[in-house]
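Chain and residue survey
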Amino acid sequence: MKFLKELFKIEKKPFKGLFAYEWAMVAYLLLTLLMILFCFTKVQNPEAMIWGRVRIVAITAALYAVYRMLPCRFTRFARAVLQLALLSWWYPDTYEINRMFPNLDHLFASWEQQLFGCQPALLFSQVLPGRFFSELMDMGYASYFPMIVVVVAFYFVWRYNEFARVTFIVLTSFFVYYVVFILVPVTGPQYYFGAAGMENIAQGVFPNIHDYFNHTMERLPSPGWSDGFFYQHVAAAHEAGERPTAAFPSSHVGVSTILMLLSWRTGCRRLFWCLLPFYVLLCISTVYIMAHYVIDTIAGLVSGIIIYFVLLYVSRPMKLH
């Protein structure tokens, strides 16, 4: 009851203007809008992309107006949830921009071969076959978004004073990765291996496919037990929103690393240790299901740590709430 009263309690001094995480969205929107306008004749359906941004601005403004009329924790939470939910719209948008550029998978696959003498993404599921490992890996991969919900919700309920700052860190980290995805067009093994030809991959030959993915989104099916519950869940998510983009660095690893650091920062060790097994499985599963090269996962881990501490430092002087 106390939580519900606090949830709808009218604030005496409502926050004026946009929150820091909303400004992060505006910055990303303007940056990508400039890219679209600069490459207007090369982008497919630029008008739809521009109008999509207009709608996002309108929805953000509408929720801002609702908060001004009813300033309370609930309407603040609604503003944060909106921006986090819109990440699923921004993600495929990276493909619409980066497919104008030449694909770079042949370089990453070559580096992977030089480092490991093989393609771990191709062999991992063969080394650990069977229903148990398949479902375990897919469960780990599927835990990505639940981890985001759990950590953000924990801060809202038990560390409310830090909620806006944490939302800023999580949302901005996504946008940082999205910018990299646009500028570094790598699709990952599930897309590249099929496009390059499995015979070539098995022989250690990695052809340059240039703008192949400018015209197709075909990918290989994930390895594992196709009738498994978690396998089906991951497959459905890929069918709904996956695009040949966002392989380097792995944002799944990067963002989940940030979430683990945020969970540690809560001081609630139970939360951290409960999330840790899912985090480990998630990192491993990105290679198992052929979504990423090992290089991507390493880069995701390193970049996640760097982004976390940079954003934690940057957000200190901001008026976040």
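Quick look at the structure, then. (Residues numbered from 1 in each chain as written. Predicted model: local features only at pLDDT ≥ 70, side-chain atom pairs only at ≥ 80, totals over all residues. Heavy atoms only, no water.)

1. Some words on the overall build of the chain
We count it as follows: Counting from the N terminus, the helices are DSSP H or I runs at least four residues long and the strands are E runs at least two residues long. It is over C-alpha atoms that the radius of gyration is taken, and the globule rule equals 2.2 Å times the number of residues to the power 0.38. To sort residues, take the accessible area from a 1.4 Å probe on protein chains only and compare it with the maximum for the residue type: under 20% means buried, over 50% means exposed, and anything in between is partly exposed. What makes two residues a contact is simply this: any of their non-hydrogen atoms within 4.5 Å.
Of the regular secondary structure elements, the chain holds 16 helices and zero strands. A globule of 321 residues ought to have a C-alpha radius of gyration of about 20 Å, and the chain, at 21 Å, matches this closely. By principal-axis analysis of the C-alpha atoms, the chain measures approximately 70 × 50 × 35 Å. Residues counted as buried form 50% of the 321 residues belonging to the chain. Long-range contacts, defined as pairs at least 24 residues apart, comprise 83% of the intrachain contacts of the chain with a sequence gap of at least 6.

2. Remarks on the environment of R269
Tracing the backbone shows R269 in helix α15 (residues 269-288). Taking the C-alpha atoms as reference, R269 lies 23 Å from F168; in sequence the two are 101 residues apart.

3. Some thoughts on a nonpolar patch on the surface
Short version of the rule: For patch detection, residues must exceed 30% relative accessible area and be free of salt bridges, and they are connected within 9 Å for like charges or within 5 Å for nonpolar side chains (Val, Leu, Ile, Met, Phe, Trp, Tyr). Only the protein chains shown count as covering a residue, and every accessible area follows the Shrake-Rupley method with a 1.4 Å probe. A side-chain nitrogen of Lys or Arg and a carboxyl oxygen of Asp or Glu constitute a salt bridge if their distance falls within 4 Å.
Together, L115, F116, I298, L301, V302, I305, I306, F309, V310, Y313 and V314 line one region of the surface with nonpolar side chains, adding up to about 1000 Å² of accessible area. Among the secondary structure elements, those contributing two or more residues to the nonpolar patch are α6 (105-116) and α16 (294-314). Of all the elements, α16 adds the most residues to the nonpolar patch, at nine residues. Its location among the elements puts F116 in helix α6. Residue classification places F116 among the partly exposed positions, given a relative accessible area of 37%.

4. Concerning the packing of helix α8 (residues 131-142) against helix α13 (residues 229-241)
As a reminder of what qualifies: To get an axis, fit a line to the C-alpha atoms, keeping to the stretch in contact for a helix; angles then go from 0 to 180 degrees between the N-to-C directions. Note on angle classes: values under 35 degrees are labelled roughly parallel, values over 145 roughly antiparallel, values of 65 to 115 roughly perpendicular, and the remainder oblique. Handedness of a crossing is defined here by the sense of rotation of the near helix relative to the far one, left-handed for an anticlockwise turn of less than a right angle and right-handed for a clockwise turn. Polar here means any residue outside two lists: the nonpolar Ala, Val, Leu, Ile, Met, Phe, Trp, Tyr, Cys and Pro, and the charged Asp, Glu, Lys and Arg; Gly therefore counts as polar.
One way to put it is that α8 packs onto α13 with a least axis distance of 7 Å and a crossing angle of 45°. It follows from the interaxial angle that α8 and α13 lie oblique. By crossing handedness, the relation of α8 to α13 is classed as left-handed. Across the interface between the two elements, S134, E135, D138, M139, Y141 and A142 of α8 pack against F229, F230, Y231, H233, V234 and H238 of α13. Tallied by class, the residues present in the contact of α8 with α13 amount to seven nonpolar, three polar and two charged.

5. Notes on the pattern of salt bridges
Under the counting rule described, the total for this entry stands at eight salt bridges. Among the ionic pairs, D93 bridges to R53, the shortest N-O distance being 2.5 Å. With D93 in helix α5 (residues 87-98) and R53 in helix α3 (residues 46-69), this residue pair connects regions lying 40 residues apart in the sequence. Looking at D93, the relative accessible area reads 5%, which means it is buried. Using a relative accessible area of 2% as the deciding quantity, one classes R53 as buried. Note that E162 is salt-bridged to R265, the shortest N-O span being 2.7 Å. In this pair, E162 is assigned in the loop between α9 (144-158) and α10 (163-183) and R265 in helix α14 (residues 251-265), connecting sequence segments 103 residues apart. Owing to a relative accessible area of 24%, E162 belongs among the partly exposed residues under this scheme. A single network of salt bridges, built from pairs that share partners, joins E162, R165 and R265.

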